[in-house]
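These are the residues of each chain, in order.
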Amino acid sequence: MFSFFFLFSEKISLERIDWISNFIENFLKINEDESKLVTIFLTGEGIYNLIDDRYQIFWDKIFSNMHVICYLDSFEMQVMGIEVDNLLKKYEFNFIFTDKEDKTGFWTAVIYSLNTAVNEPLFGVIQFEGPYMHRNSVYAVNALEAAINNGLKPELYSYLDGVHLGHAVQKPSEFLNIGEKLIMLGESARDKDIDFLMLACARCGKARGYMRDEQPEELYASNDIIPSFFQCNLNKIIDKFEQNHLIIAPSFACIQDNFPKEIGHQTAPPILIFISRPPYSSEWTFGGLSFAMACANHDIMTKVVFIEDGIYSLIGYHHIVDDEKIFNMQELIDGISDLEYLELYAYLPSLEIRNHSISNFLDGIKLIKINELQEIIEHLIKNSHSFHARIMFF
Amino acid sequence: MDRVKIPDYTELTCTNLMIKLKIITKKMIQAEQVEFYSTREQFDNIKKPFSKNHYSLLGNKTEENKYHVIIKKN
């Protein structure tokens, strides 16, 4: 039995809900004899996706199938003033509402739903965005708290702006103090004799001024960072991705095989990375490709799909002069295309609706449509000895 | 004739060095090589990916935390 999970804590684009609705429809239609289930978790601004009229046609397609269930974060719905009744009128049988009095209730539901098949004592959260600008930093600590409450060992992996979570001496006046909360969670975990590991990418930390001197040890601590929040080589974080535990992100997906062919012979869960943003205006694309390269270098089967605005990395001929001090994304893509454990794809509909095509010299990228995307994702799990495959959005 | 100065990449993060090397080596032709200085951690990081199939890698320690590295395309 295959289960597919999506979690969104942000408003997604019409383009994304469109391909996701097609994906879910195909996923449930193909091999109907196989028992399949799709679970969607919506929290924060992800809930707005449900109440936007422009999205209804896609939700109708998704929820017309009884094998789709949707967990809604009732605590966050209260914050945003979204009424339950309006939603129930239409999709009553598809919805599960978490406890509106418990801010970690939604995350407990996520843990229970996802960890049933995986059944690992560890639970990881990877965070790409910093506190205060982004409320998903609050969701990250809520998820870690839910893990501790449920007796799991929480691990926080901070990447890109996520490294700011560990900044020392945070003093927000009207926002949950993320640094203090992480320290409190560490104490709470210790009281329960549970280890709490926090790792941050040293490349991202160094760029943001957290590493004033050379890094003599594998785990780097300083007065600029809260205690037990360690900067380390990205490879140290990727070591964690070689293990089989769940690792969630503010927006992520996961496919699980509830009855894998061979139990006890597990390999590192394969990973699919969606590159969905333009190449140079933010660190997302560089961060996603660096992460993919690091996974592939650890012999983790890694597939990268350029989709939505991510296709802008593949068009034209990028010319970057040395003074710019940025990597040419096309050179980077071409450079990593020969990695043994890495496959590169571009989602053709994203190119077509923008009226673009891939530059000829990027010949290591295969064009795919929704059916092939479906196959790639299912093969991730079918061709591996893992209970699940991870899917991340950059 | 002046010998070309060997680039010193010790200030680069391991990830950025790996990317730089992937870009450089992808453009190399057979038997061509690239040489540079790295730290011990950088050298440890690139050993595995550049010891596979198409490349051979050589590293000599020159200082306490400095290696002279040569990657050759086979």
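Look up a bit, the structure's there.
Residues numbered from 1 in each chain as written. Chains lettered and ligands numbered in written order. Predicted model: local features only at pLDDT ≥ 70, side-chain atom pairs only at ≥ 80, totals over all residues. Heavy atoms only, no water.

Trainee: Mind laying out the packing of aromatic side chains, listing which residues take part and the relevant values?
Mentor: Residue and element names in this part refer to chain A. Taken as a whole and assessed by the stated rule, the structure comprises 36 aromatic pairs over all chains. Each ring, one from phenylalanine 106 and one from tryptophan 107, has its centre 5.0 Å from the other, and the planes form 90 degrees; the classification is edge-to-face. For tryptophan 107, a relative accessible area of 3% translates into the label buried. Note on tryptophan 284 and phenylalanine 394: the rings are 6.2 Å apart at their centroids and 70 degrees apart in plane angle, and the pair reads as edge-to-face. Here tryptophan 284, found in helix α11 (residues 284–297), pairs with phenylalanine 394, found in the segment after β15 (388–393); they are 110 residues apart in sequence, far enough to count as distant. The two residues tryptophan 284 and phenylalanine 394 agree in class, both being buried. (Phe/Tyr/Trp six-rings, centres within 6.5 Å; stacked < 30°, edge-to-face > 60°. Buried < 20%, exposed > 50% of the residue type's maximum accessible area, 1.4 Å probe, protein only. Helix = DSSP H or I, 4+ residues; strand = E, 2+ residues; numbered from the N terminus.)

Trainee: Got a sec to walk through the sheet that holds strand β3 (residues 66–73) of chain B? Specific residues and values, please.
Mentor: All names here are of chain B. Ordered in space as β1-β3-β2, the 3 strands form an open sheet in which the pairing is antiparallel. In the strand order of this sheet, the two ends are held by β1 (33–38) and β2 (55–63), each with one partner. Averaged over all pairs of adjacent strands, the angle between their axes in this sheet comes to 15 degrees, without regard to strand direction. As defined by bridge partners, β1 adjoins β3 across 6 bridges and the pair is classed as antiparallel. Within β3, the position partnered with phenylalanine 36 by the bridge is valine 69. Packing against the sheet, helix α1 (residues 14–27) makes contact with β1, β2 and β3, and its axis sits at approximately 165 degrees to β1. Here helix α2 (residues 40–47) sits on the sheet and contacts β1, β2 and β3; the angle it forms with β3, its principal contact strand, is near 25 degrees. (Pairing = 2+ DSSP bridges. Axes fitted to C-alpha atoms, helices over the stretch in contact; angles between N-to-C directions. Contact = heavy atoms within 4.5 Å.)

Trainee: Residues and numbers for the packing of helix α1 (residues 14–29) of chain A against helix α14 (residues 370–382) of chain A, please.
Mentor: Residue and element names in this part refer to chain A. Taken N-terminus to C-terminus, the directions of α1 and α14 make an angle of 65 degrees; their axes are 10 Å apart at the nearest point. For the element pair α1 and α14, the recorded crossing hand is right-handed. Here Trp19, Asn22, Phe23, Asn26 and Phe27 of α1 lie close against α14, whose contacting residues are Ile370, Asn371, Leu373, Gln374, Ile377 and Glu378. (Left-handed = near helix turned anticlockwise from the far one by under 90°.)

Trainee: Give me empty space enclosed by the protein: which residues, what numbers.
Mentor: All names here are of chain A. Overall, the coordinates contain 2 cavities of 30 Å³ or more when judged by the stated rule. Its boundaries defined by the atoms lining it, the largest cavity holds a volume of some 50 Å³. Lining of the largest cavity is provided by Ser9, Trp107, Val125, Gln127, Asn136, Tyr139, Ala140, Ala143, Ile248, Ala249 and Pro250. Secondary structure elements with two or more residues in the lining of the largest cavity: β5 (122–127) and α7 (136–149). Looking at the lining of the largest cavity element by element, the count peaks at 4 residues for α7. The class makeup of the residues in the lining of the largest cavity is 8 nonpolar, 3 polar and no charged. Surrounding the second largest cavity, Phe6, Phe8, Ile12, Ile17, Ile20, Ile40 and Trp59 form its lining. When residues of the lining of the second largest cavity are traced back to their parent elements, those giving at least two are β1 (2–8) and α1. (1 Å grid on protein atoms, 1.4 Å probe; cavity = no way out; pocket = protein on both sides within 12 Å on 5 of 7 lines; lining within 4 Å. Points joined across faces, edges and corners; volume = space filled by probe spheres on them. Nonpolar A, V, L, I, M, F, W, Y, C, P; charged D, E, K, R; others polar.)

Trainee: Report on the environment of glycine 162 of chain A, specifying residues and quantitative values.
Mentor: All names here are of chain A. Relative to the helices and strands, glycine 162 resides in the loop between β6 (153–158) and α8 (178–191). Considering only alpha carbons, one finds glycine 162 and alanine 200, 38 residues apart in sequence, at a separation of 7.8 Å. Among all residues touching glycine 162, those that are not within four sequence positions of it are Gln127, Phe128, Glu129, Gly130 and Phe229.

Trainee: Outline the layout of surface pockets, listing residues and values.
Mentor: The computed volume of the largest pocket comes to approximately 1100 Å³. Lining the largest pocket are 34 residues, with Lys325, Ile326, Phe327 and Asn328 of chain A together with Lys20 of chain B sitting closest to its centre. Among the secondary structure elements, those contributing two or more residues to the lining of the largest pocket are α9 (202–207) and α12 (329–336) of chain A together with α1 of chain B. Broken down by element, the lining of the largest pocket gets its largest block of residues, 6 residues, from α1 of chain B.

Nothing here speaks to function; it is geometry throughout.
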